[in-house]
Amino acid sequence: MAGGSDDAQEAPVDHVPQRRLGRRPTINLDMIVGAARALPPQDLSIRAVAAALGVDRKSVHYYVKDRAGLQELVAIDVFEAQIRGWDIPRDADWRELLRAVAYAMRSTLSAVGSLLTYTDIQAFAGIDGLRATEDMLQRLIAAGFTVEEAGLAYKFVSDL
């Protein structure tokens, strides 16, 4: 290659950084959920969320597999936000407590609305839901219920 090595050398090319595998830095899951919640339920799709965020669909797919997964994320977010807003009276007797919890659950499920058809309600046992359940069970036990009776009362209200 003597004499031809300079001819074989390519002209310098502007350095284009290689895309690294891993988390896409332009968006995150909270941004996806926020954009999804801003859309009407009938318009909720990966494409619509990507358009709202101004990113490629692949960026959203990095976090969410499909439309059903997106709907589940929104439903869980709405459900947990509702639970955080529950105002169960601290001084209520057990009857008022169960009634207040039943109304709070009903309003929470109403807020989630049509997204419930896409999501298993059992998936909503987030930390806020567990705290609310634990608080109610402790208050029922303090009111004289046995642990088993408190559990059955909570199950009954939940099933309603």
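Structure: see above.
Figured I'd write up the structure that's included with this text. Here, residues in each chain are numbered from 1, in the same order as that chain's written sequence. Only residues with pLDDT of 70 or above have their local features reported here, since the model is predicted, and side-chain atom pairs are shown and tallied only from 80 upward, although totals for entire chains, interfaces and linings are computed over all residues. Heavy atoms throughout the structure, all of them, feed into the side-chain values; hydrogens and water do not.

A look at the nonpolar core
One broad trend across soluble globular proteins is that nonpolar side chains are buried collectively. Formally: As used in this record, nonpolar core signifies buried Ala, Val, Leu, Ile, Met, Phe, Trp, Tyr and Cys residues forming a set joined through side-chain atoms within 4.5 Å. Only protein chains enter the accessibility calculation, which uses a 1.4 Å probe; a residue whose area is less than 20% of its type maximum is buried, one above 50% is exposed, and one in between is partly exposed. The helix count covers DSSP runs of H or I at least four residues long, the strand count covers runs of E at least two residues long, and both are numbered beginning at the N terminus. Two residues form a contact once any of their heavy atoms are found within 4.5 Å.
Counting 34 residues, the largest nonpolar core has Ile32, Val49, Val60, Leu70 and Leu140 as the members making the most contacts within it. Those elements giving two or more residues to this core turn out to be α2 (29-38), α3 (46-53), α5 (67-84), α6 (94-112), α7 (127-142) and α8 (147-159). Ranked by residues supplied to this core, first place goes to α6 with seven residues. With residues up to four places along the chain from it excluded, the contact list for isoleucine 32 reads Ile27, Val49, Leu53, Val60, Tyr63, Val64 and Leu70.

Re α6
Stated formally: Under the convention used throughout, the expected extent of a helix is 1.5 Å for every residue step, that is, one less than its residue count. The arc refers to the directions leading from the helix axis to the C-beta atoms.
Compared with an ideal rise of 1.5 Å per residue, which puts 19 residues at 27 Å, α6 spans 27 Å between its outermost C-alpha atoms and is within 8% of the ideal. Within the sequence span of α6, burial applies to Leu97, Leu98, Ala100, Val101, Ala104, Met105, Thr108 and Val112. All buried residues of α6 fall inside an arc of 160° around its axis, so they share one side. Exposed positions of α6 whose direction lies more than 90 degrees from the buried face are Arg106 and Ser110. Directly after α6, the chain includes glycine 113, whose backbone phi takes a positive value near 55°.

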